[in-house]
Amino acid sequence: MRDPKVWRTEVLAGLVVALALIPEAISFSIIAGVDPAVGLFASFTMAVVISVVGGRRAMISAATGAVALVIAPLNHEHGLAYLIAAVILAGVFQIVLGALGVARLMRFIPRSVMVGFVNALAILIFMAQVPEIRDVPWAVYPLVLGGLALMVLFPRITTVVPAPLVSIVVLTLITLGAGIAVPTVGDKGALPSSLPVPGLPDVPFTLDTLAIIAPYAFAMALVGLMESLMTAKLVDDITDTHSDKTRESVGQGVANIVTGFFGGMGGCAMIGQTMINVKVSGARTRLSTFLAGAFLMVLCIAFGPLVSDIPMAALVAVMVMVSFATFDWHSVAPRTLRRMPLGEITVMVTTVVCVVATDNLAIGVVVGSVTAMVIFAKRVAHVAEVTAVTDPDGTTVVYQVTGELFFASSNDLVGRFDYAGDPPHVVIDLSAAHVWDASSVAALDAIGTKYAQRGKTVEITGLNTHSAHLHGRLTGELSASH
């Protein structure tokens with residue numbers, strides 16, 4: 001951090017992110033049905049707190065659409081005080097889930113789901129800009145195109161100043177200087193004029209209140225953690241560094257608790273703003289995250305009138321650029337699609353469709369992961385093979401079982417034996433197999449029962465340590481008659 005170049009990069013990145021956060025926070029406040037200040041305060045406290053307690057450097061946390069969608073019904077039905085109480089409880093849930101090791105579940109999310117998540121997110125970021133260019137003065141369109149051109153061309157001249165910041169400044173000067181009437185940040189809502197003050201939510205501290213807020217708080221905790229951990233993994237890949245996912249989970253909880261006490265609507269990691277910070281601006285440290293929150297409040301309180309004059313076209317151009325930078329174009333290239341297994345493509349497309357259809361990243365990730373597991377189970381189920389060799393004397397047959405035995409493959413196992421035609425002694429050799437679950441033990445018991453009914457004996461050999469332990473513990477215990 002002693003390098004002046006690093007300082008400059010981090011400071012300018014924080015400024016660009018702060019500018020991009022303002023209209024987003026106001027938009028999410030509208031979704032949640034709260035005053036714009038509630039979303040802006042949340043973005044300020046989330047970014048500042050997570051910069052200290054979070055597990056992923058340079059990641060931006062603030063008020064998000066996913067969280068706003070979850071808690072909007074609570075606000076509409078019971079009011080802001082209950083919403084804030086739910087935010088604090090969600091933070092407690094996140095700390096508990098983090099301590100219990102929920103972050104370790106990330107390893108069960110396949111790469112195809114991650115790619116689908118990223119591509120869906122890029123589509124959502126782009127789609128979120130469409131309302132800003134619909135039913136607007138014609139001048140908006142050349143301004144957006146000009147902003148995009150600046151961001152593409154300016155880095156060829158210099159990368160000292162982030163291109164998005166240059167684009168925002170230039171377009172603002174053009175609209176103010178030429179007196180062009182276009183939608184501005186100020187049209188989204190009034191900016192706060194003072195810092196948030198800590199306090200407790202004005203709700204009765206009773207079990208009835210807990211029953212009302214708990215379902216929303218738990219849903220918010222899960223959605224927030226999933227989006228934050230997915231974003232952290234994405235930043236890990238982009239920066240080729242490792243982050244502490246458990247610390248990030250607990251940190252999200254701490255940030256939400258602090259945000260609740262300061263009257264904010266809560267939030268989680270923001271993938272769009274994180275992409276601006278990490279991929280577009282090149283930030284790599286906690287300083288950019290802290291400054292994004294700090295600059296947000298400074299811009300609102302000290303430079304409110306000036307920030308209100310920023311044309312929305314400038315911020316639309318930035319977010320469109322972010323969506324293009326976020327999308328994994330390699331994943332949809334014809335050459336990649338030709339080589340990729342059909343199951344992987346199916347999982348990626350399923351994730352994208354679910355996220356875009358529901359506007360909820362968490363639902364897409366869950367559905368995509370379940371689809372991947374079903375496809376994997378189906379693929380592995382066909383790997384289990386059974387071959388029979390009868391001894392020359394005709395008194396014994398040895399069945400060699402090869403592959404993974406679990407619920408999907410063991411169901412077919414029972415039908416692979418010749419119960420009527422086999423000799424009196426049957427050996428099932430499992431030295432090239434692995435028994436994974438109770439379904440497989442039950443299948444082996446069923447095979448033994450079918451032979452016993454015909455007066456034949458079955459001997460199971462070759463079990464490895466894990467398989468032998470599981471089989472020894474469960475065999476004979478799984479039948480309904482036991």
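Before reading on, note that the structure itself is shown above.
Everything quoted here is computed from the prediction, not taken from an experiment. (Residues numbered from 1 in each chain as written. Predicted model: local features only at pLDDT ≥ 70, side-chain atom pairs only at ≥ 80, totals over all residues. Heavy atoms only, no water.)

Visitor: I tried to follow the packing of aromatic side chains on my own but got confused; where do I start?
Guide: How two aromatic rings sit relative to each other is set out by the distance from centre to centre and by the angle between their planes. A full pass over the atoms with the stated rule returns nine aromatic pairs. Pairing phenylalanine 93 with phenylalanine 218 gives two aromatic rings, centres 5.5 Å apart and planes at 90°, and the pair type is edge-to-face. Of this pair, phenylalanine 93 sits in helix α4 (residues 80–99) while phenylalanine 218 sits in helix α8 (residues 207–239); the two residues are 125 residues apart in sequence, bridging distant segments of the chain. You can call phenylalanine 93 partly exposed: its relative accessible area is 23%. For the ring pair phenylalanine 417 and tyrosine 419, a centre distance of 6.3 Å and an interplane angle of 35° mean the geometry is tilted. Grouping residues by exposure puts phenylalanine 417 and tyrosine 419 together as buried. (Phe/Tyr/Trp six-rings, centres within 6.5 Å; stacked < 30°, edge-to-face > 60°. Helix = DSSP H or I, 4+ residues; strand = E, 2+ residues; numbered from the N terminus. Buried < 20%, exposed > 50% of the residue type's maximum accessible area, 1.4 Å probe, protein only.)

Visitor: Where do I start with the packing of α4 against α8 in this structure?
Guide: Helix packing for two helices is described by the angle between their axes and how far apart those axes are. Where α4 meets α8, the axes come as close as 7 Å, and the angle between the chain directions of the two elements is 55°. It follows from the interaxial angle that α4 and α8 lie oblique. For α4 against α8, the interelement crossing comes out right-handed. Where α4 approaches α8, its residues Tyr82, Ala85, Ala86, Val87, Leu89, Ala90, Phe93, Gln94 and Leu97 are matched on the opposing element by Thr209, Leu210, Ile212, Ile213, Ala214, Ala217, Phe218, Met220, Ala221, Leu222, Gly224 and Leu225. (Axes fitted to C-alpha atoms, helices over the stretch in contact; angles between N-to-C directions. Parallel < 35°, antiparallel > 145°, perpendicular 65-115°, else oblique. Left-handed = near helix turned anticlockwise from the far one by under 90°. Contact = heavy atoms within 4.5 Å.)

Visitor: What's the story with the environment of leucine 121 in this structure? I'm lost.
Guide: Tracing the sequence through the fold places leucine 121 in helix α5 (residues 111–129). Classification of leucine 121 as buried rests on a relative accessible area of 4%. Between the C-alpha atoms of leucine 121 and alanine 452, which are 331 residues apart in sequence, the distance is 58 Å.

Visitor: Help me understand the sheet that holds strand β5 (residues 425–435) in this model?
Guide: Pairing in this open sheet of four strands is mixed, and the strands run β3-β4-β5-β6 from one edge to the other. For this open sheet the edge positions go to β3 (385–390) and β6 (457–461), each flanked by a neighbour on one side alone. Strand after strand, the sheet turns through a mean of 20° between neighbouring axes, direction not considered. Of the strand pairs in this sheet, β3 and strand β4 (residues 396–405) are connected by six bridges, and their pairing is antiparallel. By the bridge assignment, alanine 388 is partnered in β4 with tyrosine 399. Each of β4, β5 and β6 touches helix α18 (residues 438–452); the most contacted strand, β5, lies at about 170° to it. (Pairing = 2+ DSSP bridges.)

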